[in-house]
Amino acid sequence: MKTCGICKKEYDETQAHSEYAEAGEWLAGEVWGDAGELCPLCLENRATLVMMYDHELNS
């Protein structure tokens, strides 16, 4: 079990990820530099917010 760097909840890093979480993993590695530190829910939320509000990355 790992602890999420954003919400501080424990999560199983081996569980399956949604497509949004996979997009969040890419963002974590390429944009924010916190890959491997976030739970699937926070990764999903990050990807959703970027798609809605960051028009430079979403083009």
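Small disclaimer: the values here were computed from a predicted structure and weren't measured.

Another point: the overall build of the chain. Summing up its helical and strand segments, the chain has 2 helices and 2 strands in all. Helices and strands appear in the chain in the N-to-C order β-β-α-α. Its C-alpha atoms give the chain a radius of gyration of 11 Å, near enough to 10 Å, the size a compact globule of 59 residues would have. Overall size of the chain, expressed as C-alpha extent along the three principal axes, is 35 × 20 × 15 Å. Among the 59 residues that make up the chain, the fraction classed as buried is 25%. Of all intrachain contacts in the chain linking residues separated by at least 6 positions in sequence, the fraction that spans at least 24 positions is 44%. Surface accessibility of the chain: about 4200 Å² in total, with carbon and sulfur atoms responsible for 51%.

Here we take up helix α2 (residues 40-53). With 14 residues, α2 extends 20 Å from end C-alpha to end C-alpha; this agrees with the ideal 20 Å at 1.5 Å per step. Within α2, burial applies to Pro40, Cys42, Leu43, Arg46, Ala47 and Val50. The buried side chains of α2 occupy one side of the element, clustering within an arc of 165° when seen end-on.

Moving on: the nonpolar core. In terms of nonpolar packing, the biggest core is built from 8 residues, these being Cys4, Tyr11, Ala21, Ala28, Leu38, Cys39, Cys42 and Leu43. What leucine 43 contacts, discounting residues up to four positions off in sequence, is His17, Tyr20, Ala21, Gly24, Glu25, Ala28 and Leu38.

So, about the environment of glutamate 44. Relative to the helices and strands, glutamate 44 resides in helix α2. A relative accessible area of 25% places glutamate 44 in the partly exposed class. Sequence spacing of glutamate 44 and isoleucine 6 is 38 residues, and the spatial spacing of their C-alpha atoms is 12 Å. With sequence-adjacent residues up to four places away left out, glutamate 44 is seen in contact with Ser18, Tyr20 and Ala21.

About the cut-offs
- Residues numbered from 1 in each chain as written.
- Predicted model: local features only at pLDDT ≥ 70, side-chain atom pairs only at ≥ 80, totals over all residues.
- Heavy atoms only, no water.
- Helix = DSSP H or I, 4+ residues; strand = E, 2+ residues; numbered from the N terminus.
- Rg over C-alpha atoms; globule rule 2.2 N^0.38 Å.
- Buried < 20%, exposed > 50% of the residue type's maximum accessible area, 1.4 Å probe, protein only.
- Contact = heavy atoms within 4.5 Å.
- Areas by Shrake-Rupley, 256 points an atom, 1.4 Å probe, with all protein chains shown as cover.
- Expected span 1.5 Å × (residues − 1).
- Arc of directions from axis to C-beta.
- Core = buried A, V, L, I, M, F, W, Y, C linked by side-chain atoms within 4.5 Å.

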